[in-house]
Amino acid sequence: ALHLAPWNIREFDSGKYGARGREGLYYMAEIIDRFDLVAVQEVREDVGPLRSLMRILGGWWKVLFTDITEGTAGNGERMAFLYDARKIAHGGLAGEVVIPPVKKGGTTLEPANQLARTPFIVGFQAGWLKFTLCTAHIYYGEDRPDDPRRIEEIALLARFLASRAKDKDAWAQNMILLGDFNVYDTTDATLGAITGAGFTVP
């Protein structure tokens, strides 16, 4: 079995609420060590706490992370994958998702709306199984289940990834989308934007 988990570690570690102490990092390591791969959202500019966490996890744990997303909506956040190299191998693919231009009025291309925080897509392999993981931290917006920008971001990302998984040159057809989507309920339009693109919830 392959054990995957998304984890939004709030403000890791901006100091906004005070830096996490060493004891807290040990608790986090204990949780992460129960999985083979963990997608972490809200890793902040200072990667010192992340590196401290990696030292506690041990040398067989590896990490891949993005640069920060600039701008107010980006919140200076990074995305990260922490994985146990005894079971998981990085397949070579790594990139930040950029939504391609869209056609307007025939052949004219216009820039597409981009996500507030750039999603991170990486190819992994566990034994014979090749799979692509994308982690995202979707825009929150208003405190309501149907914030329009939140729904738009989810729909844009889900459609893009679904089409990428069908590409004959894709790293793998196994496409897994996980992260913090700010979904309130399974009946909401936010989750419908994911399943409507062809993703299934295990």
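Residues numbered from 1 in each chain as written. Predicted model: local features only at pLDDT ≥ 70, side-chain atom pairs only at ≥ 80, totals over all residues. Heavy atoms only, no water.

Asker: I keep staring at helix α1 (residues 22-32) and nothing clicks. Help me out?
Answerer: Side chains three or four residues apart in an α-helix point the same way, a direct result of the helix having 3.6 residues per turn. Where α1 is concerned, the buried positions are Leu25, Met28, Ala29 and Ile32. Down the axis of α1, the smallest arc covering the buried residues is 100°, so these residues share one side. Seen from the open side of α1, the exposed residues pointing more than 90 degrees away from its buried face are Glu23 and Tyr27. At its buried positions, α1 is contacted by β1 (4-12), β2 (37-43), α2 (48-57), β3 (61-65) and β4 (78-84). (Buried < 20%, exposed > 50% of the residue type's maximum accessible area, 1.4 Å probe, protein only. Helix = DSSP H or I, 4+ residues; strand = E, 2+ residues; numbered from the N terminus. Arc of directions from axis to C-beta. Contact = heavy atoms within 4.5 Å.)

Asker: What is the right way to read α2 from this model?
Answerer: Of all 10 residues making up α2, seven are buried, and the element is well covered by its neighbours. Of the positions making up α2, those classed as buried are Pro49, Leu50, Ser52, Leu53, Met54, Ile56 and Leu57. For α2, the elements touching its buried residues are β1, α1, β2, β3 and β4. One or two residues past the end of α2 sits Gly58, with phi positive at roughly 110°.

Asker: Can you help me understand the sheet that holds strand β8 (residues 120-126) in this one?
Answerer: Remark on secondary structure: sheet strands pair via backbone hydrogen bonds, oriented parallel or antiparallel. With mixed pairing, four strands are arranged side by side in an open sheet as β5-β8-β9-β10. What marks the edges here is a single partner per strand, and that holds for β5 (89-96) and β10 (175-180). When the angles between neighbouring strand axes are averaged without regard to direction, this sheet yields 20°. In this sheet, β8 lies alongside β5 in antiparallel orientation, the contact comprising five bridges. Residue Ala94 lies in a different strand from β8, and its bridge partner there is Val122. On the sheet, helix α3 (residues 148-165) packs against β8, β9 (129-137) and β10 and is oriented at approximately 160° with respect to β10. (Pairing = 2+ DSSP bridges. Axes fitted to C-alpha atoms, helices over the stretch in contact; angles between N-to-C directions.)

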